[in-house]
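Report on the structure
So you can see what is in the structure, the chains are spelled out below.
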Amino acid sequence: MSAPMAGIVLAGGLSSRMGRDKAMLPWQGRILLEHMRGLLMLAGAERVWVSGRYPAFDGIPDRVARCGPLGGLYSVALQMPDGPAWVVPVDTPRLTPRLLQQLRDAQSGRCKIYDGHPLPMLFNVDNESRTVLESMIHDPLGPRSLQALQHRLGAHAVRLSPADESALVNCNTPAQWEDVAS
């Protein structure tokens, strides 16, 4: 039997290009953070972890400031038990449970992504991955990006159907949000 899936919503960013907290944007009758948590649950996550200062969602603040999504993932990975987890950004409201499940069911690997997209990611949380995260976070000269992490873990890139590309669009600016929300 496979290990239970977890979910991680990366929501701890500054949202500086958006001009307001992306996690709190309204989406289909609720806020975006609630939507993304619900999406992970629909896909099959037994528990969803949230990176960022969101006490109402048991959010986990970054242990090391200004390390971007890698810092959020590191902070959550230190708190959660070992096992596989989907990692999603808070700002991809068109992502579907089917795409997360497809990533889970793809060829085996410790880390899986869609070709050309750093997120969503299927990430195996264990002592080895925590050690890699920690070494990257504490290396002042090294890259602190999800892509660098995926490279170090030998991520398996899954082909994404062209019809599904729009489901992975994230919203960083008011104009991008308006396009997705319309």
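Overview of the structure.

1. A few points about the overall build of the protein chain
Scanning the protein chain from terminus to terminus reveals 6 helices and 8 strands. Secondary structure elements of the protein chain occur, N-terminal to C-terminal, as β-β-β-α-β-α-β-α-β-β-α-α-β-α. Rg of the C-alpha trace for the protein chain: 15 Å, near the compact-globule value of 16 Å for 182 residues, within the 12% margin. Once the C-alpha set of the protein chain is aligned to its principal axes, its extents read approximately 40 × 35 × 30 Å. Taken over 182 residues, the protein chain has a buried fraction of 50%. Put simply, 70% of the contacts in the protein chain that link residues at least 6 apart link residues at least 24 apart. By element, 51% of the accessible surface of the protein chain is carried by carbon and sulfur atoms, the whole surface being about 9000 Å². Where the 18 positive side-chain charges of the protein chain centre and where its 17 negative ones centre are 2 Å apart.

2. Looking at the pattern of salt bridges
Tallied over the full model, the rule gives 5 salt bridges. The partner of aspartate 91 in a salt bridge is lysine 22, with the nearest N and O atoms 2.8 Å apart. Taken together, the residues span a long stretch of sequence, with aspartate 91 in the loop between strand S5 (83–89) and helix H3 (97–105) and lysine 22 in the loop between strand S1 (6–10) and strand S2 (26–27) at a distance of 69 residues. We note that aspartate 91, like lysine 22, is buried.

3. Some thoughts on the packing of helix H1 (residues 32–43) against H3
At a minimum axis separation of 8 Å, H1 and H3 run at an interaxial angle of 55°. When the axes of H1 and H3 are compared, the pair comes out oblique. Two packed elements cross with a definite hand, and for H1 against H3 that hand is right-handed. Counting all contacts with H1, which are made through Leu39, Leu40, Leu42 and Ala43, the residues of H3 involved are Pro97, Leu100, Gln101 and Arg104.

4. Some words on the nonpolar core
Side chains that are nonpolar tend, in soluble globular proteins, to be buried together. Of all hydrophobic cores here, the largest spans 29 residues; its most connected members are Val9, Ala11, Leu33, Leu40, Trp86, Leu95 and Leu100. Put simply, the parts of the chain that give this core at least two residues each are H1, strand S4 (47–51), S5 and H3. It is H1 that provides the largest number of residues to this core, a total of 5 residues. Sequence-distant contacts of valine 9, that is, excluding residues within four places in its chain, are made with Leu33, Met36, Arg37, Leu40, Val48, Trp49, Val50, Ser51, Val88 and Val90. One finds Ala6, Leu70, Ala77 and Met121 within the second-largest nonpolar core, a separate group that totals 28 residues.

5. Describing the packing of aromatic side chains
Where two aromatic rings form a pair, the distance of their centres and the angle of their planes describe that pair. Counted according to the given criterion, the structure contains 1 aromatic pair. A cation over a ring is seen here: arginine 47 above tryptophan 49, with NZ or CZ 3.6 Å from the ring centre.

6. Regarding the sheet that holds strand S6 (residues 111–114)
Spatial strand order, S4-S1-S5-S7-S6-S8: 6 strands in an open sheet with mixed pairing. Looking at the sheet topology across the chains shown, the edges are occupied by S4 and strand S8 (156–158). Direction aside, neighbouring strands of the sheet carry axes that sit 25° apart on average. Where S5 and strand S7 (residues 117–125) come together, 5 bridges link them in antiparallel fashion. Looking across to S7, one finds that alanine 85 is bridged to phenylalanine 123. Along the sheet, H1 makes contact with S1, S4 and S5, crossing S1 at roughly 160°.

7. Topic: the packing of helix H2 (residues 68–79) against helix H4 (residues 127–137)
Direction vectors running N to C along H2 and H4 enclose 140°, while the axes themselves pass 10 Å from each other. Judged by the inter-axis angle, H2 sits oblique to H4. Our pair here, H2 against H4, has a crossing hand that is left-handed. Contacts between H2 and H4 involve Leu70, Gly71, Leu73, Tyr74, Ala77 and Leu78 from the first element and Arg130, Leu133, Glu134, Met136 and Ile137 from the second. Each residue belonging to the contact of H2 with H4 can be placed in one class, and the counts come to 8 nonpolar, 1 polar and 2 charged.

Parameters at a glance
Residues numbered from 1 in each chain as written. Predicted model: local features only at pLDDT ≥ 70, side-chain atom pairs only at ≥ 80, totals over all residues. Heavy atoms only, no water. Helix = DSSP H or I, 4+ residues; strand = E, 2+ residues; numbered from the N terminus. Rg over C-alpha atoms; globule rule 2.2 N^0.38 Å. Buried < 20%, exposed > 50% of the residue type's maximum accessible area, 1.4 Å probe, protein only. Contact = heavy atoms within 4.5 Å. Areas by Shrake-Rupley, 256 points an atom, 1.4 Å probe, with all protein chains shown as cover. Lys, Arg positive; Asp, Glu negative; His and termini not counted. Charge placed at Lys NZ, Arg CZ, Asp CG, Glu CD. Salt bridge = Lys/Arg side-chain N within 4 Å of Asp/Glu carboxyl O. Axes fitted to C-alpha atoms, helices over the stretch in contact; angles between N-to-C directions. Parallel < 35°, antiparallel > 145°, perpendicular 65-115°, else oblique. Left-handed = near helix turned anticlockwise from the far one by under 90°. Core = buried A, V, L, I, M, F, W, Y, C linked by side-chain atoms within 4.5 Å. Phe/Tyr/Trp six-rings, centres within 6.5 Å; stacked < 30°, edge-to-face > 60°. Lys NZ or Arg CZ within 6 Å of the ring centre and 35° of its normal. Pairing = 2+ DSSP bridges. Nonpolar A, V, L, I, M, F, W, Y, C, P; charged D, E, K, R; others polar.

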